[in-house]
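Structural overview for review
In case you want the letters, here they are:
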Amino acid sequence: GLQYVKSFMMVCGIEGNKLPQYAQVLCPWEHLMFGSERAFGTPGAGGSFGFADPELELGFGYAMNRMDYYLYDDPREKRLREAAVACAKAMA
């Protein structure tokens with residue numbers, strides 16, 4: 001909800017209520033963990049997902065060639081995301 005939008009606004013240096021409507025993104029939460037607390041991203045249709053993490057200096061995007069019914073945490077994407085975050089943390 002609003003907490004995630006405000007977090008994104010702070011990360012991106014956006015002041016007040018000037019966040020474009022199309023720019024609403026998620027930050028990690030208990031049901032969708034990705035990157036550090038400063039990460040922000042969004043799921044997409046059929047299991048796709050993308051996020052950026054300024055703390056880990058990591059950008060991640062997953063787009064599949066066969067859609068599925070997952071809104072988030074598609075098992076195919078989740079394994080790759082977790083591996084990318086683990087590698088970024090190991091290099092930090």
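Structure shown above.
Heads up: these notes are all about the structure in this document. Since the structure is predicted, the reported quantities are computational estimates derived from the model, not experimental observations.

1. A few points about the side chain of glutamate 77
With respect to the helices, strands and loops of the structure, glutamate 77 is situated in helix α2 (residues 75-91). Residue glutamate 77 is classed as buried on the basis of its relative accessible area, which comes to 1%. Polar contacts involving the side chain of glutamate 77 include one to the side chain of arginine 81, which spans 2.5 Å. When residues no more than four places from it in sequence are discounted, the contact partners of glutamate 77 are Gly47, Phe49, Phe60 and Tyr62.

2. Concerning α2
The first and last C-alpha atoms of α2 sit 25 Å apart over 17 residues, in line with the 24 Å expected at 1.5 Å per residue. Listed as buried for α2 are Glu77, Arg81, Val85 and Ala88. Projected down its long axis, α2 shows its buried positions confined to an angular sector of 65 degrees, all on one face. Exposed and facing more than 90 degrees away from the buried side of α2 are Arg79 and Ala90. Buried residues in α2 make contact with β2 (49-53) and β3 (58-62).

3. So, the nonpolar core
Of all hydrophobic cores here, the largest spans 12 residues; its members are Leu32, Phe34, Ala39, Phe49, Phe51, Leu56, Leu58, Phe60, Tyr62, Met64, Val85 and Ala88. Ranked by residues supplied to this core, first place goes to β3 with three residues. With residues up to four places along the chain from it excluded, the contact list for alanine 88 reads Leu56 and Leu58.

4. Observations concerning the sheet that holds strand β1 (residues 40-43)
Pairing within the open sheet is antiparallel, and its three strands lie in the order β1-β2-β3. Edge strands, defined here as strands with exactly one partner in the open sheet, are β1 and β3. Each neighbouring strand pair of the sheet contributes to a mean axis angle of 0 degrees, computed without reference to strand direction. Here four bridges tie β1 to β2, and the two strands are oriented antiparallel to one another. Bridge pairing links proline 43 to phenylalanine 49 in β2.

The rules behind each value
Residues numbered from 1 in each chain as written. Predicted model: local features only at pLDDT ≥ 70, side-chain atom pairs only at ≥ 80, totals over all residues. Heavy atoms only, no water. Helix = DSSP H or I, 4+ residues; strand = E, 2+ residues; numbered from the N terminus. Buried < 20%, exposed > 50% of the residue type's maximum accessible area, 1.4 Å probe, protein only. Polar contact = N/O pair within 3.5 Å; in protein donor to acceptor, adjacent residues only side chain to side chain. Contact = heavy atoms within 4.5 Å. Expected span 1.5 Å × (residues − 1). Arc of directions from axis to C-beta. Core = buried A, V, L, I, M, F, W, Y, C linked by side-chain atoms within 4.5 Å. Pairing = 2+ DSSP bridges. Axes fitted to C-alpha atoms, helices over the stretch in contact; angles between N-to-C directions.

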